[in-house]
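Coordinate inspection notes
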Amino acid sequence: MDLVTLTIDGQRVQVPRGTTILEAAEAAGVDIPTLCYLKDINVVGSCRVCVVEVEGAKSLQASCVTPVGEGMVVRTNTPAVREARRTVLELILSNHPFECLTCVRNGNCELQALANRFGIRDVEYMGERATFPRDESTPAIVRDPNKCILCRRCMSVCSKVQTVFALAPNGRGFDSMIAPAFFDDLSNVACAQCGQCILVCPTGALSERDHTQEVWAALADPRKHVVVQTAPAVRATVGEECGLPAGTLVTGNLVAALRRLGFDRVFDTDFAADLTIMEEGHELIERIEHGGRLPMITSCSPGWIKFIEHFYPELLPHLSTCKSPQQMFGALAKTYYAEKSGIDPRDIFVVSVMPCTAKKFEAKRPEMTSSGYPDVDAVLTSRELGRMIREAGIDLGAIEPEDYDLPLGISTGAGAIFGATGGVMEAALRTVYEVVTGKELTNVDFEDVRGLAGVKEASVDLAGLNVRVAVAHGLGNARKLLDKVKKGEAPYHFIEIMCCPGGCIGGGGQPIPTNDEIRARRIDAIYREDRGMKLRKSHENPVVQELYREFLGKPLGHKSHELLHTRYTARSRYVV
Amino acid sequence: MRMACEECRCSAEITQDKWEKLDEIIAKYKGRPGALIQVLHEAQELIGYLPREAQVRVAEGLDIPLSEVYSVVTFYALFSLKPKGRHQINVCKGTACYVRGADRILEKLEDTLGITEGDTTSDGRFSIEVVRCMGACGLGPVIRVDDDIYARLKPDRVPEILKKYD
Ligand code: SF4
Ligand code: SF4
Ligand code: SF4
Ligand code: FES
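The structure displayed is predicted, hence computed values, not measured ones.

Across its full length, chain A holds 19 helices and 17 strands. Relative to the globule expectation of 25 Å for 576 residues, the C-alpha radius of gyration of chain A, 25 Å, shows essentially globular dimensions. With respect to the three principal axes, the spread of C-alpha positions in chain A is 75 × 55 × 50 Å. Buried residues in chain A amount to 62% of all 576 residues. Considering only residue pairs separated by 6 or more positions, chain A has 74% of its internal contacts joining residues 24 or more positions apart.

Here Val99 of chain B lies in helix H5 (residues 95-99). As a C-alpha pair, Val99 of chain B and Gly85 of chain B span 14 residues in sequence and 28 Å in three-dimensional space.

Moving on, we come to the domain arrangement of chain A. All names here are of chain A. Assigned domains within chain A: domain 1 (3-77), domain 2 (94-208) and domain 3 (212-564). A separation of 27 Å is found between the C-alpha centroids of domain 1 and domain 2. Opposite the 12 residues of domain 1 that make contact, domain 2 presents 15 residues. Interface of domain 1 and domain 2: buried area, both sides summed, is about 990 Å²; carbon and sulfur atoms make up 62% of it. Contact with domain 2 buries surface across domain 1, with Leu35, Leu38 and Ile41 losing the most and accounting together for 54% of the total. Linking domain 1 to domain 2 there are one salt bridge. Inspection of the domain 1/domain 2 interface yields five residue pairs in polar contact (both at pLDDT 80 or more). Residue composition of the side of domain 1 that touches domain 2, by class: nine nonpolar, two polar and one charged.

What follows covers the site of ligand 3. Lining the immediate environment of ligand 3, one finds Cys148, Ile149, Leu150, Cys151, Arg152, Cys154, Ile178, Cys201, Pro202, Thr203, Ala205 and Leu206 of chain A. Among the residues making up the shell around ligand 3, the classes are represented as 10 nonpolar, one polar and one charged.

All names here are of chain A. As a volume, the largest pocket reaches approximately 1500 Å³. If you go around the largest pocket, you meet 44 residues; those closest to its centre are Leu38, Lys39, Thr514, Asn515 and Asp516. Taken together, the residues of the lining of the largest pocket sort by class into 18 nonpolar, 12 polar and 14 charged.

All names here are of chain B. Residues Ile37, Phe75, Tyr76 and Leu78 make up a contiguous nonpolar surface patch of roughly 370 Å² in combined accessible area. Mapping Leu78 onto the fold places it in the loop between helix H4 (66-75) and strand S1 (87-92). For Leu78, a relative accessible area of 46% corresponds to the partly exposed category.

Next up on the list: the site of ligand 2. As a matter of local geometry, ligand 2 sits amid Ile141, Cys158, Val164, Ala166, Leu167, Cys191, Ala192, Gln193, Cys194, Gly195 and Cys197 of chain A. For the shell around ligand 2, the class distribution of residues is nine nonpolar, two polar and no charged.

With that out of the way, let us pick up the sheet that holds strand S12 (residues 296-297) of chain A. Residue and element names in this part refer to chain A. Strand order in the open sheet formed by four strands is S12-S17-S16-S15, and the pairing between neighbours is mixed. Each edge of the open sheet carries a strand with a single partner, namely S12 and strand S15 (455-462). Against the sheet, helix H16 (residues 475-486) engages S12, S15, strand S16 (465-473) and strand S17 (494-498), with an angle of about 140° to S16.

On to the interface of chain A and chain B. At the interface, 21 residues of chain A touch 23 residues of chain B. The junction of chain A with chain B conceals about 2000 Å² of combined surface from both sides, 61% of it contributed by carbon and sulfur atoms. Contact with chain B buries surface across chain A, with Arg172, Phe182 and Tyr574 of chain A losing the most and accounting together for 40% of the total. The tally of links from chain A across to chain B stands at two salt bridges. Across the pair Arg573 of chain A and Asp63 of chain B runs a salt bridge, and its minimum N-O distance is 3.4 Å. On the surface where chain A and chain B come into contact, there are eight residue pairs in polar contact (both at pLDDT 80 or more). Take the side of chain A that touches chain B: its biggest share by element is three residues, from strand S7 (residues 168-170) of chain A.

Residues and elements named next belong to chain A. Helix H3 (residues 110-117) packs onto helix H2 (residues 79-94) with a crossing angle of 130° between their chain directions and a minimal axis gap of 10 Å. Classified by the angle their axes make, H2 and H3 are oblique. Seen from above, H2 lies across H3 with left-handed handedness. Contact residues: Leu89, Ile92 and Leu93 in H2; Leu111, Leu114 and Ala115 in H3.

About the criteria used
Residues numbered from 1 in each chain as written. Chains lettered and ligands numbered in written order. Predicted model: local features only at pLDDT ≥ 70, side-chain atom pairs only at ≥ 80, totals over all residues. Heavy atoms only, no water. Helix = DSSP H or I, 4+ residues; strand = E, 2+ residues; numbered from the N terminus. Rg over C-alpha atoms; globule rule 2.2 N^0.38 Å. Buried < 20%, exposed > 50% of the residue type's maximum accessible area, 1.4 Å probe, protein only. Contact = heavy atoms within 4.5 Å. Domains from an automatic or database assignment. Buried area = accessible area lost by both parts, 1.4 Å probe. Salt bridge = Lys/Arg side-chain N within 4 Å of Asp/Glu carboxyl O. Polar contact = N/O pair within 3.5 Å; in protein donor to acceptor, adjacent residues only side chain to side chain. Nonpolar A, V, L, I, M, F, W, Y, C, P; charged D, E, K, R; others polar. Near = heavy atom within 4 Å. 1 Å grid on protein atoms, 1.4 Å probe; cavity = no way out; pocket = protein on both sides within 12 Å on 5 of 7 lines; lining within 4 Å. Points joined across faces, edges and corners; volume = space filled by probe spheres on them. Patch = residues over 30% accessible without salt bridge, like charges linked within 9 Å, V, L, I, M, F, W, Y side chains within 5 Å. Areas by Shrake-Rupley, 256 points an atom, 1.4 Å probe, with all protein chains shown as cover. Pairing = 2+ DSSP bridges. Axes fitted to C-alpha atoms, helices over the stretch in contact; angles between N-to-C directions. Parallel < 35°, antiparallel > 145°, perpendicular 65-115°, else oblique. Left-handed = near helix turned anticlockwise from the far one by under 90°.

Set out below in structure tokens:
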């Protein structure tokens, strides 16, 4: 490898040619502040917070975009550097609302942290401030352009990673804004509601629509029977909201905390994930055996659903008709569970704790009322639940773990792995294999579909039929597979697509920061959960079996179709 | 400040004939480097400005996200999002005119017509635009309506001037 030697703050450092000064400094343990920089995604050199002195150069250099050179002498902490950084920050702050105390990102804001780090105590040039209305037009995402520092990280993630292109710079100069075309509301453009833009926003300019107040109100209402379901990924992430390191599994602690918050029943979306596998697995077998539309594509990621509705409406018949586990759970909570427990469904309030902003959109879809009521009443992201737990003063790490309630709290390892990319596929294969071959699957680990590679492929021999599958996560990767399907070049029977990079553990409602290193640790936690379960195949879930016996009949039966399956809406790419 | 609600979203008067021409322009440049700017340029010459529908058509035709099209349209001053009025009022705000009270003339125009600089009256009669020096510095403040120059202007003459144009 071609190595370059340079000096950073007096330390000799050797790095490959082409490395940036910022990366070299990181390798040397020198922390250079950044703001607009987002590794691999937004490397634009626009904010100039990361400037350093390079001996011999006429001006300060933006370290995030400047490559190292042989013999370079770099200083990251001189009076000129500190002065330049302070000036940059003061300029940003001179057009920024001072609302930290009431801001959703208070305590977790990169701008606030830098202002603190550089000891900004007053801002010399308080100029005229541009003011823009907040965009609360969607059920999932709130945009507050007044807090936007024009770093373009949201737009880069939306266009490069998700290939949605919902956001772009509008206008020039003082009144410019990173926004949907025509300064339009987000609800008027093709947006997946995935929240990946929120995850990368350094400030409070992008955030989730907050539903904590509705949930507190329901919890305080004695007439309401408030049940909560926890998505597979949340147990592997919500710990981060409460000061625990990434990758900490908090399953039992989470159950105990939810009980402490006052939920009447603590149930598990993992149960509904097992049920999804029963329905979706049988749907796949049915399509293969009866010449149905193949490849069949998973339908449990609502950001993905909205994406295909906007960008590939002609491929909608490929989607499984299964609702997502969140919605299956809601529909059953207000029918099966209501009947079984003798509670009027009108009094049941279903709360979901989800890794995802798009789930907020999904819950509000008009077709999600098959119980006769809104199947899910409120959706909290991991971040919002974190806020509620902190508000109640519960120490999530220290609380004594408890078990989920019966019946809808029983699940298998197959349900748990829904939280990571490849998990739905693996869970489906575990069940489909046994249903089709009638033989026991001894090794349940399908390693080929695990991990952070963008598109993964595998094939499984099912009693003579070679079933080919593919997995994609992140909408840019999904697009690659869809373009193949469109051209008739996708030789697969079954495709799993997750909207968010890494799957739900990287969902737009997850703790900030979320990056690849953190994603990998969360994924480890998910598979640890799976390995720790006694049952690891969805069809072995005893409550799912009981549910079919007592209520649903059989997979894909009449009742299933009524409650557990859905339809999709072709949407435009432009004005909606 | 421009806001979504003020922007023209109504169906512009783009005739069938113009739609066809627009499609030809798109086809001509599709796949070529710099196609977007070229197409927008010719589209504006064809229609007079760049209404939302035209931008959507360009986005679709060139297979470029609408957000990018709009971004380019609003970045370059030469592109216009609004139809021009039948009469174009240019107000000089070069240094000389500015010093001699161009601001008060502009204010009077805006008050009288009920629009701000950059806009067109709802009856399509006038548009106001601020320009840099028109080269008549000795005569400031100066405005031009279509081809007529009005020099050494006082705000109270504004209504009388506007009456000449319908
Ligand atoms: S975005 Fe950050 S700096 Fe701005 S008000 Fe919120 S916390 Fe404070
Ligand atoms: S929610 Fe997703 S699709 Fe919508 S603007 Fe944000 S990143 Fe883009
Ligand atoms: S909304 Fe956030 S991520 Fe997007 S440009 Fe503004 S500050 Fe940056
Ligand atoms: S972080 Fe380098 S210029 Fe913004």
